[in-house]
Amino acid sequence: MVRQEQLQQIGPVVWEIPPTARPDMRVPARIYASEELLEQILRDRSLEQLMNVATLPGIQQAAIVMPDVHEGYGFPIGGIAAMDLEEGIISPGGIGYDINCGVRLLTSELSLQEVQPRLEQLAKALYKAVPSGVGRGGPLKLSVRQLDRVLEYGVQWALQEGYAEEADVDFIESGGRIPEADADAVSREAKERGRDQLGTMGAGNHFVEVGYVDKLFDEAVARTLGLRLHQIVVLIHTGSRGLGHQVATDYIRTMLAALPRYGIRLPDRELACAPLSSPEGQRYFRAMCAAANFAWANRQLITWEIRQAWREVLGEAGGKLRVLYDVAHNIAKIEQHTVQGHMRRVLVHRKGATRAFPPGHPETPRVYREVGQPVLIPGSMGTASYVLVGAPGSMEQTFGSTCHGAGRQMSRHAAKRTVNPDRLRMELQQQGIVVQAGSVRGLVEEAPVAYKDVGAVVQVVHTAGIARMVARLRPVAVIKG
Amino acid sequence: MGFSYELRPHTADIRISLRADTFPELFQAAVAALADILLPEGCQGKRLALHRRVALSAPDSTALLVDFLSEVLWQSQVRKALFCRFRVHSLAESTLQGVLSGIRVQGFQQDVKAITYHEARVDRLPSGYWASLVVDV
């Protein structure tokens, strides 16, 4: 285990393990955390895993983790690693099995007071409308040709098929489609696993949550994003489902077999990788982009399902649900960044990390460009979630990235031992939160006690100047598998 | 002759520890452990009417175990089935053939994303075999 004495504090909330700590490290390992969160981080093996990432060929500047980091498999969860396009690698483990797991926030025209009387009914309708749980299929069973179009066109496909509104597309990271996607790079096995899963939430930590804006940290920015106090919002958290899981499984196997060909030695097999410029690296990149497009289409289908349920319960008076933004937090993207004083294109792996482009960035939707790209940070079930915007420090320090959530601190086993399901339901009820969940087990595993304090996490990235806090959201209905 | 398994905590995932008297039984232990994660007690007292052939090769015994269980997971999710037993027809250090037996199910309790290579190990002991795998959930 890494000990605190091995870390050097290089900023109020930034710590570093120098590359001299291990002979195979190419760059420093950098940690964003308060002292309190650092103490929690040091309890698992996140930082050993971060040091492993710092050994990978072509890594630039530093291997970085956010305050919500926790131990993963290979790479820690909550990390960022930017790679040189020529000499660097691409690693499926640096993105995660749930490719483009991400968050979408919908804003409504209604206030908490207006929705409160119909809340139970709305939660039930949402649970019915958005298929959840494990093994439950979605509203569509796509043919291979249709699925290939989803993989290559993402939200554009959804728009053509009537599942999206024109305005939605502008408020999704990358417009909900990465053009490098290639359906032929996705295996038959992955396609079979994902064929009936479009428009489904899944289980685990995925959810649909109805909440309201309970605090504004920056009223002017909130106004630009279309947020106001007591406004009802809907948060969606899910990803590419079984299709993405299988793409990662397939390519980790391919890359493990290719490691000797490229002379790559790894401290953990799960770091399996290939040079980005190699045939294996290029093919995985195209498959990963396809799975990312599938995930964006999935969150779009769920948006469509939510809009149906919304209309069914609230009628015309319910008004419209607008997409505020949609961010990926498990992805690798080719982006322009300043590296050692020079503007260069690099491949940024984000595994449990969110893009956080600052004001003025051309990839941020025009209406938000003056304030920065929205960053959506879901909290644990029953606690707050946060809306932030990217700040200039993100480009200077973290390859335009920030944290992605509260970060798990307790294993699922431990949560099951610790949490009494009846008491949890009662506590959520006492807080005025309606719960629609498919399984008691899923509810208990995601209890707030299993996670870090999301407020403390976002405070770190705010203090570091990589993202600015704009608004806090409180849940009133949680829908889970 | 026999096997056992244990599901142990891991921050975000589940660690499986397997013990078996013989190498083929290690694979049976893996199938039983995965079934227990996907749908606890789902196999108990059931007539196993669904059968699927499995044939695999991998660079070494650890990769063979990981790839085998990934195949079982894929079959489970695509066929909407819980596999409870694996009958080995042939097995060497890096190749495997056999038949999975199980039942159709409506769904699972746990969403297993993948069987990872993270800290995956297969060890030969004086008294049999031991293996450890981390499952991403």
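What you are looking at is a predicted structure, and each value in this text was computed from that prediction instead of being measured. (Residues numbered from 1 in each chain as written. Chains lettered and ligands numbered in written order. Predicted model: local features only at pLDDT ≥ 70, side-chain atom pairs only at ≥ 80, totals over all residues.)

Visitor: I'd like a rundown of the pairing of strand 12 (residues 330-339) of chain A, residues and numbers included.
Guide: Residue and element names in this part refer to chain A. Across 10 bridges, strand 12 lies against strand 13 (residues 342-351) in antiparallel orientation. Bridging across to strand 13, Lys333 finds its partner in Val348. Counting the residues that bridge the hairpin from strand 12 to strand 13 gives 2 residues, and of these Gln340 lies at a positive phi of roughly 45°. (Pairing = 2+ DSSP bridges. Helix = DSSP H or I, 4+ residues; strand = E, 2+ residues; numbered from the N terminus.)

Visitor: Tell me about the interface of chain B and chain A, and please be specific about residues and values.
Guide: At the junction of the two partners, chain B supplies 30 residues and chain A supplies 39 residues. Where the side of chain B that touches chain A is concerned, the elements lending two or more residues are helix 2 (61-79) and strand 8 (128-136) of chain B. When residues in the side of chain B that touches chain A are grouped by element, the largest group, 6 residues, is from helix 2 of chain B. Here the residues of the side of chain B that touches chain A are counted per class, giving 14 nonpolar, 10 polar and 6 charged. (Contact = placed C-beta atoms within 7 Å. Nonpolar A, V, L, I, M, F, W, Y, C, P; charged D, E, K, R; others polar.)

Visitor: Please give an account of the environment of Ile103 of chain B that cites residues and values.
Guide: All names here are of chain B. Within the secondary structure, Ile103 is located in strand 5 (residues 95-104). Accessibility expressed as a C-beta count within 10 Å gives 17 for Ile103, which makes it partly exposed. When the C-alpha atoms of Ile103 and Phe83 are compared, they prove to be 6.5 Å apart, with 20 residues separating the residues in sequence. Leave out the neighbours within four places in its chain, and Ile103 touches Lys46, Leu48, Ala49, Leu50, Ala81 and Leu82. (Buried ≥ 20, exposed ≤ 12 C-beta atoms within 10 Å, placed from the backbone.)

Visitor: Provide a residue-level description of the sheet that holds strand 2 (residues 14-17) of chain A, including the pertinent values.
Guide: Residues and elements named next belong to chain A. Ordered in space as 1-2-3-4-5-13-12, the 7 strands form an open sheet in which the pairing is mixed. Each of the sheet's edge strands pairs with one partner strand only, and the pair in question is strand 1 (8-11) and strand 12. This sheet shows a mean twist of 40° between the axes of neighbouring strands, independent of strand direction. By the bridge criterion, 4 bridges tie strand 4 (residues 63-73) to strand 5 (residues 75-84) in an arrangement that is antiparallel. Each bridged residue has a counterpart across the sheet, and for Tyr73 the counterpart in strand 5 is Phe75. Of the strands in this sheet, strand 2, strand 3 (29-32), strand 4 and strand 5 touch helix 2 (residues 46-53), which is tilted by about 110° from strand 4. (Axes fitted to C-alpha atoms, helices over the stretch in contact; angles between N-to-C directions.)

Visitor: Give me the environment of Ser240 of chain A: which residues, what numbers.
Guide: All names here are of chain A. Summarising the element assignment, Ser240 is placed in the loop between strand 9 (231-238) and helix 10 (241-258). Separated by 59 residues in the primary sequence, Ser240 and Arg299 have C-alpha atoms spaced 8.9 Å apart. Apart from residues lying up to four places away in sequence, Ser240 is in contact with Asp98, Ile99, Asn100, Ala291, Ala292, Phe294, Ala295 and Asn298.

Visitor: Describe the packing of helix 5 (residues 144-153) of chain A against helix 11 (residues 279-314) of chain A, and please don't skip the residues or the numbers.
Guide: Residue and element names in this part refer to chain A. It is at 6 Å that the axes of helix 5 and helix 11 come closest, and there the two elements cross at 100°. With respect to helix 11, the element helix 5 is oriented roughly perpendicular. Contacts from Val150, Leu151, Glu152 and Tyr153 in helix 5 reach Ala290, Asn293, Phe294 and Ala297 in helix 11. Its residues placed into classes, the contact of helix 5 with helix 11 shows 6 nonpolar, 1 polar and 1 charged. (Parallel < 35°, antiparallel > 145°, perpendicular 65-115°, else oblique.)

Visitor: Could you give an account of the sheet that holds strand 5 of chain B, with specific residues and numbers?
Guide: All names here are of chain B. Spatial ordering of the open sheet is given by 3-5-4, a layout of 3 strands whose pairing is antiparallel. Unpaired on one side and paired on the other, strand 3 (50-57) and strand 4 (81-91) mark the two borders of the sheet. Between one strand axis and the next, the sheet turns by 25° as a mean value, whatever way the strands run. Here strand 4 pairs with strand 5 via 9 bridges, running antiparallel. Looking at the pairing, Leu91 lines up with Leu96 of strand 5. Where helix 1 (residues 23-38) meets the sheet, its contacts fall on strand 4 and strand 5, and the angle it forms with strand 4 comes to roughly 170°.

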